[in-house]
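Close look at the chain arrangement
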Amino acid sequence: MHLLNVYFFLFSISVVQSFSNKNHTNNWAVLVDTSRFWFNYRHVANVLSIYRSVKRLGIPDSQIILMIADDMACNPRNPRPGTVFNNADQHINVYGDDVEVDYRGYEVTVENFVRLLTGRLPPGTPRSKQLLSDEGSNVLIYLTGHGGDGFLKFQDSEEITSQEMADALEQMWQKQRYNEIFFMIDTCQAASMYERFYSPNILAVGSSLVGEDSLSHHVDSSIGVYIIDRYTYYALEFLEKVNPQSDKSMGEFLKVCPKSVCISTVGVRKDLFNRNPDNVPITDFFGSIRPVEVLCDLSNVTLLQSKQLSQEEAFKPKKYRYIDPIVNFNTIKS
Amino acid sequence: MGLLTDPTTGQGKFIKILLKYYSYACMLLYIGGVIWFLALAYPTMNANTYFSENALLPGLVKSQFREDREAARYHEELLDEMNKYHDSIPYSWLLAKFNQIGLDTYTHNFTLTSPFNRKDKFSGKNVYGILRAPRGSSSEALVLSTPFRPSTSAHPPTAPSVAIMLAFAKFANREKYWAKDIIFLITEHEQVGVQAWLEAYYGVSCGSENILDHGDLRGRGGAIQAAINLELHSERIGQMDIKIEGLNGQLPNLDLFNLASKMCTKEGVYQTFKNKGPFYSRKPSKEWLNYFRNMLSMMGTQATGIPNGNHGLFHRFGIQALTLEGFEQSRAKGSNKIWFVGTGRIIEGIFRSLNNLLERFHQSFFFYLLPSSDRYISISIYIPSVCLMIGTMFIKACARWFKLQETSCKEMSTETHSPPVRIDKIITTFLVTHFFGVLVSNIPQFMSRYITSLSVYETNVKVFYPLLACLVQLLFIPLFIRMRHCRKSMELLNILAMLELGTVLICISMNNFSLGFFCAIISVPAALLVNPSSCRICSYFQRFLWFLVHPLIILTVAVMINTYFLFPEERMKEIVIRGWDATQQSVIFSIVDSMVYGNWLYGVVTNIFIPNWLCFWIVSFCVFKEDEIDTEKTEDITDKDIKKTN
Amino acid sequence: MSLKKLRIYNNLISTPRIIITCLSAIIVRYYLMMSKYQSVIANHVEVSTPLNSWKRVSEGLYLLSLNINPYEGDLLHETPLSLYLYKNILQVFQGKIHLAFITLDVTTAVVLYFTTKKFTEDLFVEEEENKATYAKDAEECFLKPDKLFKSSYYVLLTYLFNPYILFSCVGYSTTVFYNLYLSVMLFSMVHGIPVLCGVFLAIAASVSFYPVVLVLPITMYFKYAIKSHTKIIVNLTSFVVTSLLIFVLCSNFGTDFSYIRSVYGCILTIPDLQPNVGLFWYFFTEMFEHFRELFIYAFQINTTILYLIPVSLKFRKHPFLLTVAVNFIITIFKSYPSVGDVGFVLSLMPSFSHLFPFSQQGFLVGTMLVISTSLAPILYYLWIYCNSANANFYFGVTLSFAVAQIFLLTDLLFSQVKRDYMLKYGKDRKIDGEEGILCLE
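If you're wondering where the values come from, they're calculated on a predicted model, not measured in any experiment.

At the interface, 16 residues of chain B touch 12 residues of chain A. Class assignment of the residues belonging to the side of chain B that touches chain A gives a composition of eight nonpolar, four polar and four charged.

This next bit is on the sheet that holds strand β8 (residues 239-243) of chain B. Residues and elements named next belong to chain B. What the nine strands build is an open sheet, ordered β6-β2-β3-β5-β4-β7-β10-β8-β9; its pairing is mixed. Either end of the sheet is taken by a strand with one partner, and the two such strands are β6 (212-213) and β9 (270-273). Strand direction decides the pairing type here: β8 and strand β10 (residues 320-327), joined by five bridges, are antiparallel. Its bridge partner being in β10, Q239 is matched across the sheet by F327. Contacting β7 (223-232), β8, β9 and β10, helix α6 (residues 254-266) runs over the sheet at an angle of about 30 degrees to β10.

Before going further, it helps to spend a moment on unusual backbone geometry. Residues and elements named next belong to chain A. Despite not being glycine, Q189 shows a phi value in the positive range, around 50 degrees. Take Q189: it is sitting in the loop between β8 (180-186) and α5 (191-194). By the C-beta count within 10 Å, which is 26 here, Q189 ends up buried. Of note in this structure, I263 is not a glycine but carries a positive phi near 70 degrees. By secondary structure assignment, the location of I263 is in the loop between α8 (259-262) and β12 (267-269). The class for I263 is partly exposed, based on 15 C-beta atoms found within 10 Å.

Residues and elements named next belong to chain C. In terms of burial, helix α9 (residues 163-170) is largely enclosed, as seven of its eight residues are buried. Next to the buried residues of α9 lie α2 (15-34), α3 (37-42), α6 (97-130), α8 (151-161), α10 (175-190) and α19 (339-348). Residue Y172 follows α9 closely and has a positive phi angle near 50 degrees.

Another point: the nonpolar core. Residues L31 of chain A together with Y181 of chain C are the most contacted members of the largest nonpolar core, which totals 362 residues. By size, the runner-up hydrophobic cluster in this structure holds five residues, among which are Y71, L76, Y259 and V263 of chain C.

Residues and elements named next belong to chain B. When pLDDT is averaged along chain B, the result is 84; 91% of the residues meet or exceed 70. Under a pLDDT of 50 for its full length, residues 1-10 has, in the predicted model, 14 contacts with residues more than four places off or in other chains. Low pLDDT, under 50, characterises residues 627-646; the stretch is placed with eight contacts to residues that sit more than four places away or in other chains.

Residues and elements named next belong to chain A. One open sheet accounts for three strands, arranged β5-β6-β7; its pairing is antiparallel. Sheet topology places β5 (147-148) and β7 (158-161) at the edges, where each strand pairs with a single neighbour. Where strand β6 (residues 151-154) and β7 come together, four bridges link them in antiparallel fashion. Of the residues in β7, the one forming a bridge with F151 is T161. Running at roughly 60 degrees to β7, helix α4 (residues 162-174) makes contact with β6 and β7 of the sheet.

Thresholds, definitions, all that
Residues numbered from 1 in each chain as written. Chains lettered and ligands numbered in written order. Predicted model: local features only at pLDDT ≥ 70, side-chain atom pairs only at ≥ 80, totals over all residues. Contact = placed C-beta atoms within 7 Å. Nonpolar A, V, L, I, M, F, W, Y, C, P; charged D, E, K, R; others polar. Pairing = 2+ DSSP bridges. Helix = DSSP H or I, 4+ residues; strand = E, 2+ residues; numbered from the N terminus. Axes fitted to C-alpha atoms, helices over the stretch in contact; angles between N-to-C directions. Buried ≥ 20, exposed ≤ 12 C-beta atoms within 10 Å, placed from the backbone. Core = buried A, V, L, I, M, F, W, Y, C linked by C-beta atoms within 7 Å. pLDDT = per-residue confidence, 0-100.

Given below as structure tokens:
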């Protein structure tokens, strides 16, 4: 018995280490706007801008879960029906032709969001509404809305607390639903949302520290609303210069929007993240790696990776040991 | 378990202290209330106004209104039309213009029967056009209204506001971002028109029956959320005054006031509240004085309960509304004047912000005082001042009550029997005074309805003099009350009256703080001084003092002072005559207001204040001999002694 | 000897006086019902709650006449038996509903008059019998017959001219019926008629559920005041039998149970959060949905059984006071109280006039009741019609209304305790030469 325990212990250490060294196999993005109403136009613009960027950098629509709490484009107050802009110059309509909104309006609830992350969706949920990530997925989670110390408001009627958020991510980890997570949040007191995280391999960035407000960037006076938030604006400015082949690192991305332009202090949490962000290419989260694509200029790395993967094959049957025993029992039975 | 322990133990001491010092406490509280009120105008007690409704997004949008030429043309045409019809609304022209612009256009007929002469009927016609929200669900609406004043009207002209309204309608109809219907309303006969239109819109009747026949509307928009009333007296506006005081002292949401004020500032017009702009001074005393004057001026208007513009009638229906009154002449030196472009942009800005609203105004304050257009005092800050004053009524009543009990305890122990307290008689007296109050309040209706032979006389003869006669007769009530010889009964009546006064003042302050405050500051000290007393001089002094706070006397004095300030150059005699006429007029107007609009000032004064005043009046006529009790006491003691010796 | 004394005081209040009082009450009610204020009063939430509004009853009767089950919607919360009763009353009075309400209200007042009369007589007789056991210097708290025997008349007066009762009668709230059931129950209890008592207790309980807890005080009454065990059994049996009968009749001989959800479900789970003078509506509008169940249990236990046992133990020697007190607790804390309920308990207060000298908070309670009653409609108007005040204002008023009632109740109960103490140990409260303090622990 004791021997068995020791064996498992050693085994788990080796697994964790091998995971942390391992690179990811696919990319997912969960982009959420939690607030409705016309005067929160900027939140919709925020999330649609990020959506546009990640899509441009290669994550396909099938791997982006876009949650938007209100339909700004068709709001009767919108002087430009059917469009959403993220800049007063209005050169990019972020609500373009191929936007796939997966959860919209009143579907954007805390329950749906947590179910989506943890994969506890009712049977029969369409694939577009599921986060079908696995242990090789790098997941980008982007949240925007109205936050407070330790919570994020959903739809003006309910809220998710930082503890609930942290527990949801832990459950994802235990269910091996991710390899690494980049958690990005643009709300007031954003840092309070990631303070409770305790699961490994999460890199988190928030637009403001606890006690600070995140501010909007500028007004589009023809629409008459604040059109985008500061942090997202500067993050986008950075992302616009990135292309799928670029070698910009996450370290550079984390330095985006210094206090002089952001007014709020951008908060970063690296302690759960095992790699040095400076060595992590930004495309690890914002771009997409598909198993079929082999990049020639990084051939050495891919070779190493494939070797490791083949080593992993041997352990594969045991990867479900984290799953709840009852669930396991049932599956065996059936 | 504090409640369940013997209440006498702790309270005994408390009551002793109360009995000993209650008169000082009352005095202190009253003075405290007055000081608190004076301090309200001090900048640390009030705060800068701010927007608490995020959805308004005030002033973010770039103004696009450019229809100033149209406005000028409409203005010219309207002036021509007005020359054709001297004293009626040129509705065919207005209908044609609204139709031309492309609105759903309707007219609305209403009839007002004169409250004092059923044969006199006035009819009027409102014109309104509805701009349907192009992409919205038409479930909500905004109103832009303006009173139409024919060239013969005594009030300053409003033709420019009709012109700018038409121009704005033309502009707005082109835009596609409206989420709410906009109703453009042009009313006739000042406030009667708006009242009739609103009653017809909601299908209710607010005043007495058969006075205002509100007619019917053929077209309606959604639920009205806000209304802006325009009274522009000139094409060029040098000063924009914002008026907010409504019927029965109701105020619109402070956010709406802030919005209007911000838009005016944005367009660069000198924006005022109560004819005073934002004021800054390094001298605290000067600043205080300025704020205080402005606050008093607002409270004066609010206390009358008469709306100072057409906006005031919307409030009752839960619609936030205010009036923008534009003057050509500005009080500020060197301020610039805006033309139709500017006023149009102010309206555009306000309406686009209102269009952004997602729910009713609910965020900011509904109960506030404004010492300046950019400062406010919230209810939690100002209500203590009146509460302190009203509190004295309850404290004194409480102290008197315990004193009464104490004396009756003493009497029980000494087994004396002063004349028995007849509670039923006290209550009867109390009810009878209120019955008289109800009678007084019904006199005007009675006179106008049943005594038709008087219809040849003027209204003041028909209504005011009978009322005055009744009030004078009521002064003699105390002489018919026999129990004024019983000290205890009088004490009880006094306590009852004080409790009533306190409760009524609280209720009024909740509805209309200014009225409640003014009533409290006048009646409370007098009521504190009225006691059943045996001293003849004191009692005469009490009667004199209490006579001075009779509602009618107060009204007369207030009107006289007002007349004096309005016509300072006239001689005393003329001022008195004028003032007396004005008093009669104001009583008659308050009766008319109560019958047409449902203003409750007249009803409250006659049904509650006059009976309450009478109760105190009876108390001040209390006649008894101080030594009465003492002699009885000594007699009894001797009796007892005799018994003991036996 | 005591009976002789009683006879002297029997004619203290003459019958013509009672008749004149009743007549004037009828006139006042009739005038108000015919005036334009009737609909205003009837529409006030303080008078008409979802449970007792006549509007809903007439709606239900209409549905019934169309053969539609009135309990299918969320409209009617009266039992089928009450509905049947209303239908018949309407037929008897030929649709003149105001006459029916006036008759019932005045009947209630007269029943209460006789109840108090018997109660005060019993009280007096009891004291005469026990005088020997009282302390020597307790004379001054002995009952004063001339005052005591007037209290029944004061009960009549307060019931008939109590503004709360007046409004509830003029506003056609079915609390008038409920008050009649309660008054007959009290009457038969005091007169020692167990069958009638049980029957009317069952009826009252079937209408408003809460009176179920009155079983305990009534049993106490038969045990300690009437001292008859057979009557207890008869009373309980008649209560149970009538309850079963009502159930059978209401459920249409066990075929239709839809009324249970509408009536008792509504009383117990508070689905309708229309404001009223009680405390439930505000708490349940503010509450998060998942705490609702817990607080429903907490609130209903508070209303029904939390105070029942301790109060019953303490005041078992004064079962009439106990019955009134338990009824008072129900009135304060029930889910849909109206001013009619409050008026009923308040008008019983004069029957405890012998306790008034010991009460301390009469003035405070009176002032609080007056202020909160006059502010309530004003704040409701400002909140609902003018949109300027909000629910917190109105709740503040209902809270102070409830606090005033609680003060009144505790004051009354404590007065009884003090009187008992005085009778037992005399006026002197000195302990070791110092003034002692009475404490309830």
